[in-house]
Structure formats: structure tokens, C-alpha cells
Amino acid sequence: MFEKLSKKIGFTETEIYVVLFLAGMFILGFVYVEFIKDDTPTENKNFDYTKEDSLFNYYSNLNPEYNLEDSSLISNLEIKRRVLELSDSFAYVKKDISSLAEKSININTAGINELSMLPGIGEKTAEKIIDLRIERGRFKRIEELMDVKGIGEAKFNKMKKFLYVQ
């Protein structure tokens, strides 16, 4: 039956199944909405937010009428200051790599401080370098640093002129 229909319409058998499925779903949806679904209106609920509003106003305004010695108020104000003024608490300091000479850091003996002086290397990455060095024993080539997670080819190329292996 579907083969004859598909030849008359020009659809494949799969397309006819899809169209029939969609038509069936449409009919089921119509029957549900018209005959099964309960049309009684839902009751609207009113919420009273006056308590929350007063707490918001209390903690968000710095008025003299509030007790500034209240430790919870002070801690909340301090948190807001830190969040809103990140420049006070976090400062990005660009590394001064002009003090580094070429081939000045031996990666088999350097500590965290020396490795952190390299461009693109922070304390965490320096720790990862040292962990890999301990795991392998020693580095045989400086290219082995690219095995450290967080050091790719671009970062390695920036720092390779300062490194040597001994």
C-alpha cells in the first residue's frame, strides 16, 4: 500500500512514514487539547517581598543610620568592595625579562623562583616543570618542556632562548 502511495506522490517510503507520524502526532495533540486537557484557570499567587526588599536596602546602602560596627554589615561591604573593585586586590604585573640573559637557566637545577622568571611561566607551571623533572630524573633536551601541561609550542618558543640543559 505504501509503495503505491509513494509512487503516486513522489515520496520515498521513509518520507511517507515520517509524514504519517507527524500527522498522527498532530491529531493526538489536537484531541488532547480539545477533549482531555482541563481548561480551568489557575489561581495567580501573589508574593510579598517587602522583607527581602528591606534587607536589600539595609545591606546595600551605606547610611549613617546603620550601625557601622555591625560585623556582618562590615564583612558584606568588604565583599562587595572586593568584587566591584578588583583592581585593588588583583594586579597584573608584567614580568621584566630584560634581567634574564640568554642560556641563563639550567632546567635541571632551576627552582620555582628561577623558572617563574621565564615568560609565560607562573608558579603552578614551574611546579609542573619540577614535578616532571623529578619524575623523569633529568631533562635531556629543552624541547621536553613541551610535555608539561600548559606549555605549547608558542610558549616554548618565547622562553627557549633563556634555557639550557646540563
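Residues numbered from 1 in each chain as written. Predicted model: local features only at pLDDT ≥ 70, side-chain atom pairs only at ≥ 80, totals over all residues. Heavy atoms only, no water.

**Student:** Could you give an account of the overall build of the protein, naming the residues involved and the relevant values?
**Tutor:** Of the regular secondary structure elements, the protein holds 8 helices and 2 strands. In the protein, buried positions account for 19% of the 166 residues. On the protein, roughly 13500 Å² of surface is accessible, and the fraction owed to carbon and sulfur atoms is 58%. (Helix = DSSP H or I, 4+ residues; strand = E, 2+ residues; numbered from the N terminus. Buried < 20%, exposed > 50% of the residue type's maximum accessible area, 1.4 Å probe, protein only. Areas by Shrake-Rupley, 256 points an atom, 1.4 Å probe, with all protein chains shown as cover.)

**Student:** Would you mind going over the packing of aromatic side chains in detail, with residue names and values included?
**Tutor:** Under the definition given, this model contains 1 aromatic pair. Taking the centre distance of 6.2 Å and the plane angle of 40° together, the rings of Phe-47 and Tyr-49 count as tilted. (Phe/Tyr/Trp six-rings, centres within 6.5 Å; stacked < 30°, edge-to-face > 60°.)

**Student:** Could you give me a rundown of a negative patch on the surface, with the residues and numbers involved?
**Tutor:** Together, Glu-123, Glu-127, Asp-131 and Glu-135 make up a negatively charged patch on the protein surface. Relative accessible area serves as the criterion here: at 32%, Glu-127 is assigned to the partly exposed category. (Patch = residues over 30% accessible without salt bridge, like charges linked within 9 Å, V, L, I, M, F, W, Y side chains within 5 Å. Salt bridge = Lys/Arg side-chain N within 4 Å of Asp/Glu carboxyl O. Lys, Arg positive; Asp, Glu negative; His and termini not counted. Charge placed at Lys NZ, Arg CZ, Asp CG, Glu CD.)

**Student:** So what's going on with the nonpolar core? Which residues, and what values?
**Tutor:** As a rule of thumb, nonpolar side chains are buried together in soluble globular proteins. Core analysis: the biggest nonpolar cluster contains 20 residues, and Leu-115, Leu-118, Ile-129, Leu-145, Met-159 and Leu-163 have the highest contact counts within it. Of all the secondary structure elements, the ones that give two or more residues to this core are helix H7 (123-136) and helix H8 (153-159). Looking at this core, the element that brings in the most residues is H7, giving 4 residues. Discounting residues that sit within four places of it in the chain, Ile-129 has contacts with Leu-115, Ile-121, Phe-139, Leu-145, Val-148 and Ile-151. (Core = buried A, V, L, I, M, F, W, Y, C linked by side-chain atoms within 4.5 Å. Contact = heavy atoms within 4.5 Å.)

**Student:** Break down the confidence of the model for the protein for me, with residues and values.
**Tutor:** With 76% of its residues at a pLDDT of 70 or more, the protein has an overall mean of 80. The lowest-confidence element of the protein is helix H5 (residues 86-89), averaging 50 in pLDDT; the highest-confidence one is helix H2 (residues 13-36), averaging 92. (pLDDT = per-residue confidence, 0-100.)

**Student:** Account for the pattern of salt bridges, with residues named and values stated.
**Tutor:** With the rule as written, the count across this model stands at 3 salt bridges. Salt-bridge contacts for Arg-136 lead to Glu-144; the nearest nitrogen and oxygen are separated by 3.0 Å. The exposure class of Glu-144 is buried, given its relative accessible area of 13%. Across the pair Arg-141 and Glu-143 runs a salt bridge whose closest N-O atoms are separated by 3.5 Å.

**Student:** Tell me about the packing of helix H1 (residues 2-9) against H2, residues and numbers included.
**Tutor:** Axis separation between H1 and H2 bottoms out at 9 Å; the angle between their running directions is 95°. One finds that H1 runs roughly perpendicular with respect to H2. On H2, the residues touching Phe-2, Glu-3, Leu-5 and Ser-6 of H1 are Glu-13, Ile-16, Tyr-17 and Leu-20. Per-class residue counts for the contact of H1 with H2 are 5 nonpolar, 1 polar and 2 charged. (Axes fitted to C-alpha atoms, helices over the stretch in contact; angles between N-to-C directions. Parallel < 35°, antiparallel > 145°, perpendicular 65-115°, else oblique. Nonpolar A, V, L, I, M, F, W, Y, C, P; charged D, E, K, R; others polar.)

**Student:** Break down the side chain of Glu-144 for me, citing the residues and quoting the values.
**Tutor:** Counting through the fold element by element, Glu-144 comes out in the loop between H7 and H8. Only 3.0 Å separates the side chain of Glu-144 from the side chain of Arg-136, close enough to count as a polar contact. Those residues in contact with Glu-144, other than ones at most four positions away along the chain, are Leu-132, Arg-136, Arg-138 and Phe-139. (Polar contact = N/O pair within 3.5 Å; in protein donor to acceptor, adjacent residues only side chain to side chain.)

**Student:** So what's going on with the environment of Lys-161? Which residues, and what values?
**Tutor:** Within the secondary structure, Lys-161 sits in the loop between H8 and strand S2 (163-164). Given a relative accessible area of 44%, Lys-161 falls into the partly exposed group. With 56 residues separating them along the chain, Lys-161 and Ile-105 place their C-alpha atoms 9.5 Å apart. Not counting residues up to four positions away in its chain, the partners in contact with Lys-161 are Glu-102 and Lys-103.

**Student:** Tell me about the side chain of Arg-133, residues and numbers included.
**Tutor:** Tracing the chain through its elements places Arg-133 in helix H7. Of the side chains with opposite charge, Glu-114 comes closest to the buried, unpaired Arg-133, at an N-O distance of 7.2 Å. Here Arg-133 is in contact with Ile-107, Asn-108, Thr-109, Ala-110, Arg-138 and Phe-139, once residues within four sequence places are set aside.

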